[in-house]
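# Coordinate inspection notes
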Amino acid sequence: MVNMDWVRQEIEGLKNEGRYIPIRTIESSQGAYVKIAGKTVLNMCSNNYLGLANNPEVRKAAIDAISEYGVGAGAVRSIAGTMEIHIRLEEKLAEFKHMEASLVYQGGLLANLGTIPVLVGKEDVIFSEELNHASIIDGMRLSSAKKYVYKHMSTEDLEKNLKEHRKEGKKSIIVTDGVFSMDGDIARVPEITEIKEKYDTMFYVDDAHGEGVLGKNGRGIVDHFNLAGKVEVEMGTFSKALGSMGGFVAGSSELIDLLKQKARPFLFSSGLNPGDAASVLKSIEIMERDDSLIKKLWNNAERLQKGLREAGFKLTETKTPITPVLLGDEKKTLEASRLLYEQEDIFASPIVFPTVARGMARIRLMPSAVHSTEDIDRTIDALSEVWKKISH
Ligand SMILES: *Cc1c(COP(=O)(O)O)cnc(C)c1O
């Protein structure tokens, strides 16, 4: 056998740098509370914004689809893996997003990896927001297009880059997260839709944290800004507010047609499981039927953010339910998360360097529609207690 000592050395290196991530195992379904190591804790760090991951109607839709279609698509979509339920989902998503057509992938990450290299290639140029998600960064790498990064939230810097570099590419695209997951702020989509016209540049928005949260009945960021028809490509995931697994892009019928010929996760990886497709269809139906879950999510978020500010905590400039509490010091932040978990039975994730800049460590709280007002108030009180102990 070949010497594999480097694996242990690399793990030790990560541990020494404080970058080794301990991974907890959840022993229950996702919800306001989860069981970890036999203990029930208040869950303040899932992306299950609307509670749909464990909604009874959604569960039933998945079970019914499995009874009818089985558990797997059996092949890649382009050979024998396109099932009627995929087509129904794609039509529903297009209608929900006010776009001509959509294409479903097996994950949001794969949607970015698959789509970006079809949109641009080595003769083209990408303008990428500084805080874009890792899956966008990897999708851009796979495209081989030349890339320029513009400063977070700065349409000025974006325009400066476009002025200087737009001509270097035949085609050109601006790619941004809609909602930034570490700060909860929202991209300046209306300004960008104007700038991109001036520079004949496509616009691609990753709406992973916007769906089910922003816009009418959770239609997402483009709807939130009333910009239907002004954005070339909207990408989304099924794994956050929609509660399941998978991803998609929406755009013109021709673009979707081309993606079916060229997007590698579509051509070389099997189709989405029918149960997942059915659960997403049901989640959208629930969101369209009434917006009470979305209202509840926002009420909880407002109560949490107001309460934390009144208790003296500093939050980021969040515009969404994502609630990052800025604590600054890395060690104290890790300690706060540990005490919340061990003494207060609250599961809340610490976010530290290198995910965010040094000295900007935070606890990121994720309220949801399935939390009660007592859960929210208890979180505020517990964090205050814990922080008093740490910073006295
Ligand atoms: C979570 C996330 C993804 C990946 O989605 P998955 O469906 O979990 O693969 C992509 N982009 C952004 C901005 C995300 O937050």
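Every chain is numbered on its own, with residues counted from 1 as its sequence reads. Where local features are concerned, this predicted model is filtered to residues with pLDDT of at least 70; where side-chain atom pairs are given and counted, the filter is 80 or more; whole-chain, interface and lining totals use all residues. Values reported for side chains reflect all heavy atoms of the structure, with hydrogen atoms and water molecules removed beforehand.

## Topic: the sheet that holds strand E12 (residues 346–347)
Inclusion rule: One bridge is not enough; two strands pair if DSSP finds at least two bridges between them. By the criteria applied, helices consist of DSSP H or I runs no shorter than four residues and strands consist of E runs no shorter than two, each listed in order from the N terminus.
On the basis of which strands lie adjacent, the open sheet formed by three strands has the order E1-E2-E12 and mixed pairing. Where the open sheet ends on each side, the last strands, each with one partner, are strand E1 (33–36) and E12. The sheet contact formed by strand E2 (residues 39–43) and E12 spans two bridges and is parallel. Following the sheet pairing, Leu-42 is matched in E12 by Ile-346.

## Observations concerning the sheet that holds strand E5 (residues 146–150)
Rules: Axis definition: a line fitted to C-alpha atoms, limited for helices to the stretch in contact. Angles are taken between N-to-C directions and run from 0 to 180 degrees. Whether two residues are in contact is decided by their heavy atoms, any of which lying within 4.5 Å being enough.
Spatially, E3-E9-E8-E7-E6-E4-E5 is the arrangement adopted by the seven strands of the open sheet, whose pairing is mixed. Edge positions in the open sheet fall to strand E3 (101–105) and E5, since each of these has one partner strand only. Neighbour-to-neighbour, the strand axes of this sheet turn through a mean angle of 20 degrees, independent of strand direction. Of the strand pairs in this sheet, strand E6 (residues 172–177) and strand E7 (residues 202–206) are connected by five bridges, and their pairing is parallel. Each residue of the ladder has a partner; that of Ile-174, found in E7, is Phe-203. Each of strand E4 (125–129), E5 and E6 is contacted by helix H7 (residues 155–165), which is oriented at about 150 degrees to E5, the strand it contacts most.

## Details of the nonpolar core
One broad trend across soluble globular proteins is that nonpolar side chains are buried collectively. Just so we agree on the cut-off: Buried Ala, Val, Leu, Ile, Met, Phe, Trp, Tyr and Cys residues that are joined via side-chain atoms within 4.5 Å together make up what is termed a nonpolar core. Throughout, exposure labels follow a simple rule: accessible area from a 1.4 Å probe, protein chains only, divided by the maximum for the residue type, with under 20% read as buried, over 50% as exposed, and the rest as partly exposed. How far each domain reaches was decided by an automatic or database domain assignment.
If you look at the biggest cluster of nonpolar residues, it comprises 56 residues, and the most contacted ones within it are Leu-50, Leu-89 and Phe-238. Of the residues forming this core, the biggest block, seven residues, is contributed by helix H12 (residues 274–289). Here this core spans two domains, since at least three of its residues come from each of domain 1 (24–54 + 291–391) and domain 2 (56–289). If sequence neighbours within four positions are ignored, Leu-89 has contacts with Val-104, Phe-238, Leu-272, Ala-277, Val-280, Leu-281 and Ile-284. Formed by 24 residues, the second largest nonpolar core is a distinct cluster that contains Val-118, Val-120, Val-175 and Leu-259.

## Points about the site of the ligand
Counted only if it meets this: Near is defined per residue: the residue qualifies when any heavy atom it owns lies within 4 Å of the molecule or strand. We call two N or O atoms a polar contact when they sit within 3.5 Å, provided that within protein one can donate a hydrogen and the other can accept it, with sequence-adjacent residues counted only if both atoms are side-chain atoms. Only the protein chains shown count as covering a residue, and every accessible area follows the Shrake-Rupley method with a 1.4 Å probe.
Every one of the 14 residues lining the ligand counts as a neighbour, but Gly-108, Leu-109, Asp-206, Thr-237 and Lys-240 are closest to it. In this structure, Asp-206 approaches the ligand through a side-chain N or O atom, which is 2.6 Å from a nitrogen atom. Measuring from an oxygen atom of the ligand, one finds a side-chain N or O atom of Lys-240 at 2.6 Å. Contact with the protein chains covers 84% of the free accessible surface of the ligand, which is 380 Å². Considering each element in turn, the shell around the ligand owes the most residues, three residues, to helix H5 (residues 108–119).

## Description of a nonpolar patch on the surface
Heads up, the rule is: To count toward a patch, a residue needs a relative accessible area over 30% and no salt bridge; like charges are then connected within 9 Å, while nonpolar side chains (Val, Leu, Ile, Met, Phe, Trp, Tyr) are connected within 5 Å. Here a salt bridge means any side-chain nitrogen of Lys or Arg lying within 4 Å of a carboxyl oxygen belonging to Asp or Glu.
Taken together, the side chains of Val-2, Met-4, Trp-6, Val-7, Ile-11, Leu-14 and Tyr-20 make up a nonpolar region of the molecular surface, amounting to roughly 650 Å² of accessible area. Its place among the elements puts Val-7 in helix H1 (residues 5–16).

## Quick notes on the pairing of E3
Among the five residues in E3, five count as buried, and that is most of the element. Taking every second residue as pointing to the same face, both faces of E3 are buried, with Ala-101, Leu-103 and Tyr-105 on one and Ser-102 and Val-104 on the other.

## Focus on the packing of aromatic side chains
Put simply, the rule reads: Ring pairs are drawn from Phe, Tyr and Trp, using the six-membered ring of Trp, whenever the two centres fall within 6.5 Å, and their geometry is named by plane angle: stacked under 30 degrees, edge-to-face over 60, tilted for the rest. Charge-over-ring placement is defined geometrically: NZ (Lys) or CZ (Arg) within 6 Å of the ring centre, and within 35 degrees of the ring normal.
Under the criterion given, the structure shown has three aromatic pairs. With centroids separated by 6.0 Å and ring planes inclined at 25 degrees, the aromatic side chains of Phe-127 and Tyr-148 adopt a geometry described as stacked. With Phe-127 in strand E4 and Tyr-148 in strand E5, the pair connects residues that are 21 residues apart, well separated along the chain. For Phe-127, a relative accessible area of 0% corresponds to the buried category. Relative accessible area serves as the criterion here: at 15%, Tyr-148 is assigned to the buried category. Relative to Phe-248, the ring of Phe-238 lies with its centre 5.7 Å away and its plane at 10 degrees, an arrangement referred to as stacked. Taken together, the positions of Phe-238 in the loop between strand E8 (233–237) and strand E9 (247–251) and Phe-248 in strand E9 put the pair 10 residues apart, joining distant regions of the chain. Judged on exposure class, the residue Phe-238 and its partner Phe-248 are both buried. Lys-39 extends its terminal NZ or CZ atom over the ring of Tyr-341, reaching a point 4.9 Å from the ring centre.

## Here we look at helix H2 (residues 56–69)
As a reminder of what qualifies: Residue count minus one, scaled by 1.5 Å, sets the expected span of a helix. Note that the arc is defined by the directions from the helix axis to the C-beta atoms.
A rise of 1.5 Å per residue sets the reference length of H2, with its 14 residues, at 20 Å; its end C-alpha atoms lie 20 Å apart and thus fit the reference within 8%. The complete set of buried residues in H2 reads Val-58, Ala-61, Ala-62, Ala-65 and Tyr-69. The arc that holds the buried residues of H2, viewed along the axis, is 95 degrees, so those residues lie on one side. Looking at H2, the residues exposed on the side facing more than 90 degrees away from the buried face are Pro-56, Lys-60, Ile-63 and Ser-67. Measuring from the side-chain oxygen of the N-cap residue of H2 to the backbone nitrogen of Glu-57 gives 2.8 Å; that N-cap residue is Asn-55.

## Describing the side chain of Lys-196
Examined against the element boundaries, Lys-196 turns out to sit in helix H8 (residues 189–198). Leave out the neighbours within four places in its chain, and Lys-196 touches Ile-174, Thr-201, Phe-203, Lys-230 and Glu-232.

## Regarding the domain arrangement of the chain
As a reminder, the rule being used: Using a 1.4 Å probe, buried area is obtained as the accessible area two parts lose upon being combined, added over both of them.
Taken domain by domain, the chain consists of domain 1 (24–54 + 291–391) and domain 2 (56–289). Centre-to-centre, using C-alpha coordinates, domain 1 lies 27 Å away from domain 2. Each partner contributes residues to the interface: domain 1 has 26 residues there, and domain 2 has 24 residues. Between domain 1 and domain 2, a total of about 1,900 Å² is buried, with carbon and sulfur atoms accounting for 62% of that surface. Inspection of the domain 1/domain 2 interface yields one salt bridge. The partner of Asp-183 in a salt bridge is Arg-362, and the shortest N-O contact between them spans 2.8 Å. Elements with a minimum of two residues in the side of domain 1 that touches domain 2: helix H13 (292–310) and strand E14 (361–365). The element contributing the most residues to the side of domain 1 that touches domain 2 is H13, with four residues.

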